[in-house]
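Now for the letters of each chain:
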Amino acid sequence: MQSQDFDVLIIGAGISGIGAACHLSRECPNRRVAIIERRKAMGGTWDLFRYPGIRSDSDMFTFGYNFRPWTNPKTLADGPSIKRYVMDAARESGVDKKIHYGLSVTGAFWNSKDQQWTIETLREENGEVQSYTCSFLLICTGYYNYDKGYKPDFPGEKDFEGRVIHPQQWPEDLDYSGKRVVVIGSGATAVTLIPAMADKTSHITMLQRSPTYMMSLPEVDPIASRLMGLLPEMATYRIMRARNIALQYWSFVISRKYPKQARELFLALARWQLGKDIDMRHFTPSYNPWDERICAMPGGDLFKAIRSGRASIVTDKIKTFIPNGILLESGKELEADIIVSATGLDLQFLGGMKLTVDGKVRLPREAMLYKSVLLEGIPNASIVIGYTNASWTLRADLAAEYLCRLLNHMDKKGYAVVTPVDREGCRTEESVMGSLKSGYVYRAIDKMPRQGRHGPWKLTHNYYRDILMLRKGVIEDQYLEFSRAKSPMSRSLTLHEMVDRVTKAAG
């Protein structure tokens, strides 16, 4: 009989969950680790999204894991390449054999008497309910709803005679060859879709309410290409990773300190690449750089599509859908056969599961994050949330490294339980997304964990500070409450312990 009791149970087999499992296999090899994944394949976001041109919006030298080099000089990788990279990392570490697929987690219940979590799961294809137990719970479910994206209720949508789709549920049978397409939105998804579809459509239009900052990156990094022919893979990776982390950091810091100059620079670069015949009104945001994430483009592909005339951009608001397209508030009509609602994500924390501690349900908005990793007031529970101003995986790696340090420290000291405790009433109403002003953040403000006023409760969004805190900082401090394992007689035995005892008695 396969054991369903583990030391660490990871929820989610996406880039964060696989990365965490790989770190645990390296740093905590004696821990019994398993991953529960709702989908039937690993990859998370990179298995879910199938729309044309799907790619990373961060460079791969920082989006890759710190323990496994990215060996392709392409700056922004396509979705299938990223999924292969994750699968290869899992296979090399033996993590691929630890994944339990097709299970939706419906609830997680902590019992202080037993000092363990019980995880209830549902196999959606047949309704089978299964339970797992673990000492430590690691939630790597990302921050959005996998079932659906965010789509407003557009007036007159039922009158439209064409097809309306959301990129998160891209139909495999969609043929847009020779069709008129309107993409609603101006974020990373829209910026990806337009150039990817432009060669096949009769014309494609990006309809935006307001412009977004866009930054062109080289399709292939020339320095990386050069170094890959001279140095070992990991040496090249570490050099490029260090350089790009520094570029990301200083770009953010300087943009926030000198917003006017940063704005002028972004607009000047866009104007230079677009040419004098393009109306810059469509590329001039009303906000400062990094109030929202900046959209990256490989080789300025969106600008090229617009310059060629195969694509266009319209800044306006929707009045109503009409049978042959969209009527805008300005009175202009956009004809369309297909409308793509690239209107963003529906934020969801904890993958929709409920966390219950000794019979009391704990909501994400009621908790802060300790060092951006542990959930305040919740024993033996961790969550991975990436950066908003840099690559997601940078913090995911650091979070996993910290968790390994913490678990090894607990083993050494004989601790069974750790709980972050706020003794100062430090909680504020600022969410873990910080000052990011994107629409999807505002829509979900009540769903997100909070930050504190100072110390380990306040997220830095600063990779260099987080290195010192998570890799080098002391484990035991005034905010963590540790307790030792209870006597086996004072708690119920896990399935693993019962099997172990029976085996020893029989032997």
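Please read all numbers here as calculations on a predicted model, not as lab measurements.

Caption draft 1: Quick peek at helix α8 (residues 259–274). With 16 residues, α8 ought to run about 22 Å at 1.5 Å a step, and its terminal C-alpha atoms sit 22 Å apart, in line with that. Of all the residues in α8, the buried ones are A262, F266, L267, A270, Q273 and L274. End-on view of α8: buried residues confined to an arc of 130°, all on one side of the axis. Summarising the geometry of α8, the exposed residues directed more than 90 degrees from the buried face are K260, L265 and W272. Contacts from the buried residues of α8 go to β10 (214–217), α7 (233–257) and α9 (301–308). G275, located one to two residues past α8, shows a positive phi value of around 95°.

Caption draft 2: Up close: the packing of aromatic side chains. Within this structure, the stated rule accounts for 25 aromatic pairs. With 5.8 Å between their ring centres and 80° between their planes, F49 and Y51 make a pair best called edge-to-face. Note on F49: relative accessible area 10%, which makes it buried. Feature note: the residues F49, Y51, Y143, Y144, Y146 and W392 constitute an aromatic cluster, connected by ring pairs.

Caption draft 3: Examining the sheet that holds strand β13 (residues 318–322) more closely. The three strands lie next to each other as β13-β14-β15, forming an open sheet whose pairing is antiparallel. Of all the strands in the sheet, the pair left with one neighbour each is β13 and β15 (333–335). The average angle at which neighbouring strand axes cross in this sheet is 20°, direction not considered.

Caption draft 4: The environment of I475, seen in detail. With respect to the helices, strands and loops of the structure, I475 is situated in the loop between α12 (463–472) and β25 (480–484). In this structure, the C-alpha to C-alpha distance between I475 and D446, residues 29 residues apart in sequence, is 31 Å. Look past the residues within four positions of I475 in its chain and what remains in contact with it is Y370, Y402, R405, L406, H409, L480 and F482.

Caption draft 5: Local environment of the side chain of E376. Counting through the fold element by element, E376 comes out in the loop between β20 (374–375) and β21 (381–383). When neighbours within four sequence positions are excluded, E376 is seen to be in contact with R362, E366, A367, M368, P420, D422 and W457.

Caption draft 6: Main features of the pattern of salt bridges. The tally for this structure, following the rule as stated, stands at 32 salt bridges. In this structure, D88 engages R68 in a salt bridge whose closest nitrogen and oxygen atoms are separated by 4.0 Å. Placement of the pair is D88 in helix α4 (residues 79–93) and R68 in the loop between α3 (60–63) and α4, with a sequence separation of 20 residues. Its salt-bridge partner being D279, residue R281 comes within 3.5 Å of it at the nearest N-O pair. Accessibility expressed as a relative area gives 41% for D279, which makes it partly exposed.

Thresholds applied
Along each chain, residues carry numbers from 1 onward, in the same order as the chain's sequence is written. At least 70 in pLDDT is required for a residue's local features to be given in this predicted model, at least 80 for side-chain atom pairs to be given and counted, and no such filter applies to totals for whole chains, interfaces and linings, which use all residues. Side-chain measures here rest on the full set of heavy atoms in the structure, leaving out hydrogens and waters. For helices the rule is a DSSP run of H or I covering at least 4 residues; for strands it is a run of E covering at least 2, with both sets numbered from the N terminus onward. The length a helix should cover is 1.5 Å for every residue beyond the first. We call a residue buried when its accessible area falls under 20% of the maximum for its residue type, exposed when it is over 50%, and partly exposed in between, using a 1.4 Å probe and counting protein chains only. Starting at the helix axis, one direction is taken to each C-beta atom, and the arc is that of these directions. In what follows, a contact means two residues having at least one pair of non-hydrogen atoms within 4.5 Å. Two aromatic rings from Phe, Tyr or Trp, using only the six-membered ring of Trp, form a pair when their centres are within 6.5 Å; if the ring planes differ by under 30 degrees the pair is stacked, by over 60 it is edge-to-face, and anything between is tilted. Think of it this way: DSSP has to see at least two bridges between two strands before they count as a pair. All axes here are fitted lines through C-alpha atoms, helices being fitted over the stretch that makes contact, and every angle between N-to-C directions spans 0 to 180 degrees. Throughout this description, the term salt bridge denotes a Lys or Arg side-chain nitrogen within 4 Å of a carboxyl oxygen of Asp or Glu.

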